[in-house]
Amino acid sequence: MKKYAEMSKQELEDEIVQLKAQYKKFQEMDLNLNMARGKPCREQLDLSMGLMDALNSEADLSCEDGTDCRNYGVLTGIDEAKVLIGAMMENKPENIIIYGNSSLNVMYDTVSRAYTHGIMGNTPWCKLDKVKFLCPVPGYDRHFAITEYFGIEMINVDMTPEGPDMDKVEELVSSDESIKGIWCVPKYSNPQGYSYSDDTVRRFARLKPAAKDFRIFWDNAYGIHHLYDNNQDYLIEILEECKKAGNPDLVYKFASTSKITFPGSGIAALATSLNNLDDIKAQLTNQTIGHDKVNQLRHVRFFGDINGMKAHMRKHAEIIRPKFEAVLEILDRDLTPCGIGDWTKPNGGYFISFDAPEGCAKAIVDRAKKAGVTMTNAGATYPYKKDPHDSNIRIAPTYPSLPDLRTAMDIFTVCVRLTAATKMLA
Ligand code: PLP
C-alpha cells in the first residue's frame, strides 16, 4: 500500500472506488453502534455490585466517631470517607470536602459561586464587564459547557503531550485581569490521555496571575485509572506544589469515584487550601445540611482503604485494556500504511484522541453515522463546539463490547480513508 500523499490521481480514484464498495457493504449491515459515550460497560459496573452488600438492614450505620449516617449533618463529609478519598486524591483529609455523586456538579457550583458571590471577598464575576477562562484544546466538552452557560469567554490554548502550552498560559494569565480560571484534566486527559509533566505542574503552581481571584480548575478525574500495571503515568501533587510556591490558594482540585464504582451513584470531592475551604463552606452551609453519608460509608466499607481501590482499578483495566488495544491495532493496521491521521496511545483514562487530516472530521463523523456508527460529534472537544481545524475526533472505547468495537473501528477507518482520499482529489 502506498501512502495517499504519494498516490497519483488515478490511484486515488481507484482507492475511492474500492472504499465506496466496502462502505456500501457496511451500510447494508444496518448496524447501530456507539463509540461516543465515555461510560463504563456493564461488566465494569458489575465489579462494584459488592457496594450493594457492603451495607444491609442489619448494618451498623454509625461512623467511627459515632455519627449516625442516616441522619442530618456533617456538612463536609464523614472522616473515614475523607481518609479514603484523600488517599485517592493524594491530599490530607482536612483539605477535602466530600459531596454528592458528581464532580461536574461541584465544578458547576464552584463557577456559580464565583459568579454570584465572588471568591474570597473579590467582586462577583457577574458584576464584571468581562470574565474569561483558558481552555486547553482539545478538551472536555462538559467543562466548556459550564463556562459557556455563564457567558464566560473561552480562550483556546493548545495542548501538547506535556500539558497545555505553558508559555501561552503564563503570558495570558499574568497580563489579563479578566482571565479568572483554566480548565485542566492533568492526568490521562480527556480526550488525549496525556498527563502533565513535572515541569508543567510546577509552572502552574508558580503562575503569577493578574487576577487575585484566578483559580486553576484541576479536574483529576482519572487519577488512578491506569490501563497497565507496569506502565503508569505519574503526576506531581498540585496543592503541595502551590504551597511550596507561595501560592496556596491557587487551585481547586476535583475528583470522583464515577469511573471507579457507579457513575450514577459514586462520591465526588474537592480538595483545596484551608482558606478556600472556609470560603466554600460559608456558601455550602446555605445549600445543604449534608450530602449522602450512607453512600460515603458504603464506599469506605466496600474498599476498606486505598489498596482495595487500587486492586479494584486493576479489574477495570483488565476489562478495558483489550478495547483500547483493539482500537489502536485497527487504526495502525488501516491508517498507518496510507499515512493519514494521528492518534494518541494513552496509558490510562477513558479516551483516545484522533486527528484527521484538516477539514475532514465533520465529514468522517457524518459518514460513520450513515453507516450506523455514532462517534462523538466533531467539534465537541472545542469551546463553542468549533474545531478551527475540523480535525479532532474523540474515541471512547469502553462502552461497546469488544466485537462491536472492532466492527465500529473497521467502519471508522474506512470512513477516514474515504473522506481523506476524496478531499485529496478535490
Ligand atoms: N471530568 C472529566 C474529565 C470527565 O471526563 C468526566 C466524565 O467523562 C467527568 C469529569 C464527570 O465526572 P462526574 O461523573 O464526577 O460528574
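Analysis parameters
- Residues numbered from 1 in each chain as written.
- Predicted model: local features only at pLDDT ≥ 70, side-chain atom pairs only at ≥ 80, totals over all residues.
- Helix = DSSP H or I, 4+ residues; strand = E, 2+ residues; numbered from the N terminus.
- Rg over C-alpha atoms; globule rule 2.2 N^0.38 Å.
- Contact = placed C-beta atoms within 7 Å.
- UniProt positions renumbered as here; feature names shortened; annotations may be inferred.
- Near = placed C-beta within 6 Å.
- Nonpolar A, V, L, I, M, F, W, Y, C, P; charged D, E, K, R; others polar.
- Buried ≥ 20, exposed ≤ 12 C-beta atoms within 10 Å, placed from the backbone.
- Pairing = 2+ DSSP bridges.
- Axes fitted to C-alpha atoms, helices over the stretch in contact; angles between N-to-C directions.
- Left-handed = near helix turned anticlockwise from the far one by under 90°.
- Right-handed = clockwise from strand over helix to strand, strands pointing away.
- Domains from an automatic or database assignment.
- Expected span 1.5 Å × (residues − 1).

- Looking at an unreviewed UniProt entry, the protein chain carries the name Aminotransferase domain-containing protein, with the source organism given as Butyrivibrio proteoclasticus.

## Some remarks on the overall build of the protein chain
Right, on to step 1. When helices and strands are tallied, the protein chain shows 14 helices and 13 strands.
Right, on to step 2. Here the C-alpha atoms of the protein chain give a radius of gyration of 23 Å, agreeing with the 22 Å that 2.2 N^0.38 yields for 426 residues.
Right, on to step 3. Taken along the three principal axes of its C-alpha coordinates, the protein chain extends 75 × 55 × 35 Å.
Right, on to step 4. Taking all contacts inside the protein chain whose residues are at least 6 apart in sequence as the whole, residues at least 24 apart take part in 77%.

## A short note on the UniProt feature "coiled-coil region" (unreviewed entry) in the protein chain
Right, on to step 1. Feature annotation in UniProt assigns "coiled-coil region" (unreviewed entry) to the following positions: residues 2-29.
Right, on to step 2. As annotated, residues 2-29 has a helix share of 71% and a strand share of 0%, and its two end C-alpha atoms lie 29 Å apart.

## Topic: the site of the ligand
Right, on to step 1. The immediate surroundings of the ligand are formed by 13 residues, with Ser102, Ser103, Leu104, Ser256 and Ser258 found nearest.
Right, on to step 2. Each residue belonging to the shell around the ligand can be placed in one class, and the counts come to six nonpolar, six polar and one charged.

## Here we look at the pairing of strand E9 (residues 268-271)
Right, on to step 1. Going residue by residue along E9, you find Ala268 and Leu270 tucked away on one face and Ala269 and Ala271 tucked away on the opposite face as well.
Right, on to step 2. As paired elements, strand E2 (residues 96-98) and E9 share three bridges and run antiparallel to each other. Across the sheet, residue Ile97 finds its bridge partner in E9, namely Leu270.

## Quick word on the sheet that holds strand E5 (residues 163-164)
Right, on to step 1. In space, the eight strands of this open sheet follow the order E2-E9-E8-E7-E6-E3-E4-E5, with mixed pairing throughout. The open sheet is flanked by E2 and E5, the only strands paired with a single partner.
Right, on to step 2. Sheet strands in contact with helix H4 (residues 79-89) are E2, strand E8 (251-256) and E9, and its direction is about 115 degrees off that of E2.
Right, on to step 3. Set on the sheet, helix H5 (residues 103-117) makes contact with strand E7 (215-219), E8 and E9; between it and E8 the angle comes to about 155 degrees.

## Some details on the packing of helix H1 (residues 9-28) against helix H14 (residues 402-425)
Right, on to step 1. Running from N to C, H1 and H14 point in directions that differ by 145 degrees, and their axes come no closer than 9 Å. Regarding H1 and H14, the two cross each other, and that crossing is left-handed. Between H1, through Lys9, Leu12, Glu13, Glu15, Ile16, Leu19, Lys20, Gln22, Tyr23 and Phe26, and H14, the contact on the second element is made entirely by Ile411, Val414, Arg417, Leu418, Ala421, Thr422, Met424 and Leu425.
Right, on to step 2. A per-class count over the contact of H1 with H14 returns eleven nonpolar, two polar and five charged.

## Quick notes on the pairing of strand E6 (residues 179-184)
Right, on to step 1. In terms of residue burial, E6 counts as a mostly covered element, since six of its six residues are buried.
Right, on to step 2. Here strand E3 (residues 132-137) runs beside E6; their pairing, made up of three bridges, is parallel. By the bridge assignment for E6, Leu134 is matched with Ile182.
Right, on to step 3. Where E6 lies against E7, four bridges are found, and the strand directions are parallel. Bridge pairing in E7 links Cys184 to Trp218.
Right, on to step 4. A crossover links E6 with its parallel partner E7, the connecting element being helix H8 (residues 198-205), and its sense is right-handed.

## Quick notes on the domain arrangement of the protein chain
Right, on to step 1. For the protein chain, the assigned domains are domain 1 (4-44 + 310-425) and domain 2 (61-304).
Right, on to step 2. Taking the mean C-alpha position of each, domain 1 and domain 2 sit 31 Å from one another.
Right, on to step 3. Tallying the contact residues gives 26 residues for domain 1 and 29 residues for domain 2.
Right, on to step 4. When residues of the side of domain 1 that touches domain 2 are traced back to their parent elements, those giving at least two are helix H12 (306-335), strand E11 (352-355) and strand E13 (392-395).
Right, on to step 5. Here the side of domain 1 that touches domain 2 takes eight residues from H12, the largest share from any one element.
Right, on to step 6. Split by residue class, the side of domain 1 that touches domain 2 holds 13 nonpolar, eight polar and five charged.

## So, unusual backbone geometry
Leaving glycine aside, a negative phi is the common case for residues, and trans is the common case for peptide bonds.
Right, on to step 1. Between Val137 and Pro138 the backbone carries a cis peptide bond, its omega angle lying at -10 degrees.
Right, on to step 2. For Pro138, the location among the structural elements is in the loop between E3 and helix H6 (141-149).
Right, on to step 3. The omega angle of the peptide bond from Asn190 to Pro191 is 15 degrees, so this bond is cis rather than trans.
Right, on to step 4. By the element assignment, Pro191 lies in the loop between E6 and H8.
Right, on to step 5. Located in the positive-phi region is Lys385, a residue other than glycine, with phi close to 60 degrees.
Right, on to step 6. The topology assignment puts Lys385 in the loop between strand E12 (373-374) and E13.

## Considering H5
Helical geometry note: an α-helix holds 3.6 residues per turn, so side chains three or four residues apart project in the same direction.
Right, on to step 1. An ideal rise of 1.5 Å per residue puts 21 Å on 15 residues; H5 measures up with 21 Å between its terminal C-alpha atoms.
Right, on to step 2. Buried within H5 are the following residues: Ser103, Val106, Met107, Thr110, Val111, Ala114 and Tyr115.
Right, on to step 3. Those residues of H5 hidden inside the fold are in contact with H6, E7, E8 and E9.
Right, on to step 4. Once H5 finishes, Gly118 follows within two positions and takes phi at roughly 85 degrees, a positive value.

## Observations regarding the sheet that holds strand E10 (residues 342-343)
Right, on to step 1. Taken together, three strands build an open sheet; the order of strands is E10-E11-E13 and the sheet is antiparallel. Across the chains shown, the open sheet's two edge strands, defined by having one partner strand only, are E10 and E13.
Right, on to step 2. In terms of strand pairing, E11 meets E13 through four bridges, oriented antiparallel. Opposite Phe354, over in E13, you have Ile393 as the bridge partner.

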